[in-house]
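One letter stands for each residue in the lines below.
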Amino acid sequence: MSDSGMGGCPGSRMQDFREDTKGGKVEGGVRQSQLKQWPIQLHLVSPEAPYYQKADVLLSADCVAFTVGDFHKDYLKGKSVAIACPKLDEGQEEYTEKVKSLIDDAKINTLTVMTMQVPCCAGLVAIAEEALHSAKRKIPIKSIVVSLQGDVLSEEWVS
Amino acid sequence: MHKYLNTPIKEVIMKFPQVGKILEEYKIGCVPCTLGSCLLKDIVAIHNLSQAQETELIYRIEKTIYPQRDIKRPAFKQAAKKTAVKEIKYSPVIKRLIDEHALIKKWIGLIPEVIENVDIASDSGKKLILDGLDFIRFYADKFHHAKEEDILFGYTDKNLDIIKTMLADHETARGHVQAMIRALDKGDKKTVFAHLNAYKELLSEHIKREDEILYPWIDRSISTTQVGELFTKFNEAEEKLDKEVIEKCKKFVQEVEQRVQKIKTEKKEVTK
Ligand SMILES: [Fe+2]
Ligand SMILES: [Fe+2]
């Protein structure tokens, strides 16, 4: 058994950032949440909800919001959101159907998919692409991949 | 330096020709521009240079304009200007326009062969020219230029010189088409070909500027929401057009390619 935490699935490999993240400025004040809806979990949300109609939607992997320090300010602001885990959640086919319904029925303007750099997380982009493929409408989809320490590694349009 | 950053590029280059040469090293081709009214600072900003390249470029221009001044050489790597321009990944709306350019470039790339090999006095030759004009009118103009003029440019400042230049090019192109139609009616081959060639020259340069300068700049400045809006507006605009005509235009390019090839082969056989 390795005690270094190396090897195995990169998505669940243990890593210790305590030394790296204790820096940074301690800021005062209170920041406003940029969340403008409830629920947010992809199984629970309804594409009929008013905040999805013609909206810019952020489909975020569960872990993203915990890693990106400025998630609310830089990514959630101005968007309606849905979250999911493409690795652990049940009923992924329903996810595809729901994203398809966001595209066709809620007629969303754009879809931004935010995932972690771990390979299994790319499944969320695949769900979005599959939904777009089967949808009648076409919309632009952007993929943003973040590192385990919250840095944006890539940001590109995938369709 | 502030004064020159706010001076139209043509004036700067007239006064300091070396500045034009420096800009060319950074693939900023202002010297042949007919208008040249863009401000130096806008030109530097609009090109997708890295921070190091931009600092270096400004330093070199300042050094050229004020050789006596003691300007601190910024700390930049010598290799800065040799590094390739940052890789550009376009949004789907800009990508769509660039793909359309590819088809337009294919047709205008065939124009010299057409001029050399096609007899417009013949029925089939005249038809080819008419089909080529239809391509220009429907595909290049109504399908492509219209999306730029009616939609995309609305997301920029229409008073910007680069936008004015692009709009003026579209008008000049329309003028060439009208002149070709008139000349074709009279069977004036020389005039038809002169305008066809002028159209080719104009559009080649126009597309190059859009692909390399204007589009990357617009793409960097539009938000995700705007990309979605443009995407929908482009689709709506395309839906209003006759799909069959657009398909016919796409086929035309394939056909003319084959046609030119065939004529060349026949010619070769005759001369054998
Ligand atoms: Fe144009
Ligand atoms: Fe164009």
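Conventions used here
Residues numbered from 1 in each chain as written. Chains lettered and ligands numbered in written order. Predicted model: local features only at pLDDT ≥ 70, side-chain atom pairs only at ≥ 80, totals over all residues. Helix = DSSP H or I, 4+ residues; strand = E, 2+ residues; numbered from the N terminus. Buried ≥ 20, exposed ≤ 12 C-beta atoms within 10 Å, placed from the backbone. Contact = placed C-beta atoms within 7 Å. Rg over C-alpha atoms; globule rule 2.2 N^0.38 Å. Axes fitted to C-alpha atoms, helices over the stretch in contact; angles between N-to-C directions. Parallel < 35°, antiparallel > 145°, perpendicular 65-115°, else oblique. Left-handed = near helix turned anticlockwise from the far one by under 90°. Nonpolar A, V, L, I, M, F, W, Y, C, P; charged D, E, K, R; others polar. Expected span 1.5 Å × (residues − 1). Bend = angle between axes of the 7 residues up to and from the residue. Pairing = 2+ DSSP bridges. Domains from an automatic or database assignment.

Engineer: Before we go on, may I ask you to explain the overall build of chain B in this structure?
Structural biologist: In terms of helices and strands, chain B carries eleven helices and zero strands. The dimensions of chain B, computed from C-alpha atoms along their principal axes, are 70 × 50 × 30 Å. A buried classification covers 24% of the 272 residues belonging to chain B. Taking the intrachain contacts of chain B between residues at least 6 apart in sequence as the baseline, contacts between residues at least 24 apart amount to 75%.

Engineer: What is the right way to read the overall build of chain A from this model?
Structural biologist: Of the regular secondary structure elements, chain A holds five helices and five strands. Listed N to C, the secondary structure of chain A is α-β-α-α-β-α-β-α-β-β in terms of helices and strands. A compact globule built from 159 residues should have a C-alpha radius of gyration of about 15 Å, and chain A, at 17 Å, falls within 12% of that. Counting only C-alpha atoms, chain A reaches 50 × 45 × 25 Å along its principal axes. At a minimum sequence separation of 6, the contacts of chain A that also span at least 24 residues come to 70%.

Engineer: Help me understand the packing of helix α7 (residues 123-151) of chain B against helix α8 (residues 161-185) of chain B in this model?
Structural biologist: A packed helix pair is summarised by two numbers, namely the angle formed by the two axes and the spacing between the axes. Residue and element names in this part refer to chain B. Between α7 and α8, the least distance of the axes is 11 Å, while the angle of their chain directions is 160°. The orientation of α7 relative to α8 falls into the category roughly antiparallel. Relative to α8, α7 is oriented so that their crossing is left-handed. Of the residues in α8, those touching α7 at Lys126, Ile129, Leu133, Ile136, Arg137, Asp141, His145 and Glu149 are Leu167, His170, Arg174, Val177, Met180, Ile181 and Leu184. When grouped by side-chain class, the residues that make up the contact of α7 with α8 number eight nonpolar, two polar and five charged.

Engineer: Any chance you could explain helix α9 (residues 189-221) of chain B here in plain terms?
Structural biologist: Structurally, the α-helix is built with 3.6 residues per turn, so residues lying three or four positions apart point the same way. Taking 1.5 Å of rise per residue, the 33 residues of α9 of chain B would be expected to cover 48 Å, and the 45 Å separating its terminal C-alpha atoms lies within 8% of that figure. The largest bend in α9 of chain B is about 45°, located at Glu210 of chain B.

Engineer: Help me understand the environment of Ile207 of chain B, please; the structure alone is not making it clear to me.
Structural biologist: Residue and element names in this part refer to chain B. By secondary structure assignment, the location of Ile207 is in helix α9. Residue classification places Ile207 among the buried positions, given that 22 C-beta atoms sit within 10 Å. Linking Ile207 and His101, residues 106 residues apart in sequence, is a C-alpha distance of 6.7 Å. Excluding anything up to four places from it in sequence, Ile207 contacts His101, Ile104 and Lys105.

Engineer: How should the pairing of strand β2 (residues 80-84) of chain A be read in this particular structure?
Structural biologist: Residue and element names in this part refer to chain A. Counting buried positions along β2 gives five out of five residues, so the element sits mostly inside the fold. The alternating pattern of β2 places Ser80, Ala82 and Ala84 and Val81 and Ile83 on opposite faces, both of which are buried. When strand β1 (residues 56-61) meets β2, the two strands line up parallel, connected through five bridges. If you follow Leu59 over to β2, its bridge partner there is Ala82.

Engineer: What is the right way to read the packing of helix α6 (residues 92-117) of chain B against α7 of chain B from this model?
Structural biologist: Residues and elements named next belong to chain B. Two numbers describe how α6 lies on α7: the axes approach to 11 Å, and their chain directions differ by 155°. By the criterion of interaxial angle, the relationship of α6 to α7 is roughly antiparallel. Here the hand of the crossing between α6 and α7 comes out left-handed. Together, Leu97, Glu100, Ile104, Trp107 and Val114 of α6 and Leu128, Gly132, Phe135, Ala140, His144 and Lys147 of α7 make up the contact between the two elements.

Engineer: Can you help me understand helix α4 (residues 92-104) of chain A in this one?
Structural biologist: All names here are of chain A. An ideal rise of 1.5 Å per residue puts 18 Å on 13 residues; α4 measures up with 19 Å between its terminal C-alpha atoms. Listing the buried residues of α4 in full gives Tyr95, Thr96, Lys98, Val99, Lys100, Leu102 and Ile103. Those residues of α4 that are buried are in contact with β1, β2 and α5 (123-134).

Engineer: How should the domain arrangement of chain B be read in this particular structure?
Structural biologist: We note that the domain assignment places domain 1 (2-82) and domain 2 (92-271) within chain B. For domain 1 of chain B versus domain 2 of chain B, the distance between C-alpha centres works out to 32 Å.

Engineer: Just checking my understanding: could you explain the pairing of strand β3 (residues 110-116) of chain A for this structure?
Structural biologist: Every other side chain in a regular strand lies on the same face of the sheet, so the side chains alternate between the two faces. All names here are of chain A. Along β3, seven of the seven residues are buried, which leaves the element largely enclosed by surrounding structure. In β3, alternate side chains face the same way, and those of Thr110, Thr112, Met114 and Met116 on one face and Leu111, Val113 and Thr115 on the other are all buried. Both β1 and β3 contribute to a ladder of five bridges, which runs parallel. Following the sheet pairing, Asp56 is matched in β3 by Thr110. Of the pairings in the sheet, the one linking β3 to strand β4 (residues 141-146) comprises six bridges and is parallel in character. Bridge assignment links Met116 to a residue of β4, and that residue is Val146.

Engineer: Explanation requested: the interface of chain A and chain B in the structure shown.
Structural biologist: How big an interface is tends to be stated in terms of accessible area lost as the parts join. In this assembly, ten residues from chain A lie in contact with nine residues from chain B. By residue class, the composition of the side of chain A that touches chain B is three nonpolar, four polar and three charged.

Engineer: Please clarify how the environment of Ile218 of chain B should be interpreted in this entry.
Structural biologist: All names here are of chain B. On the secondary structure map, Ile218 appears in helix α9. According to the C-beta neighbour criterion, Ile218 is buried, with 24 such atoms within 10 Å. Every residue in contact with Ile218, bar those within four places of it in the chain, is listed here: Ile94, Leu152, Tyr155 and Thr156.

Engineer: Looking at this structure, how should I read unusual backbone geometry?
Structural biologist: For residues besides glycine, phi is generally negative; the peptide bonds are generally trans as well. All names here are of chain A. Residue Pro39 is reached from Trp38 by a cis peptide bond, and omega for that bond is 0°. Along the chain, the position of Pro39 falls in the loop between α1 (18-21) and β1. Positive phi is not limited to glycine here, since Lys54 has a value of about 55°. Looking at the element boundaries, Lys54 is found in the loop between α1 and β1. For Lys107, which is not glycine, the phi dihedral falls at a positive 45°. For Lys107, the location among the structural elements is in the loop between α4 and β3. Lys107 gets classed as partly exposed once you count the C-beta atoms within 10 Å, which come to 15.

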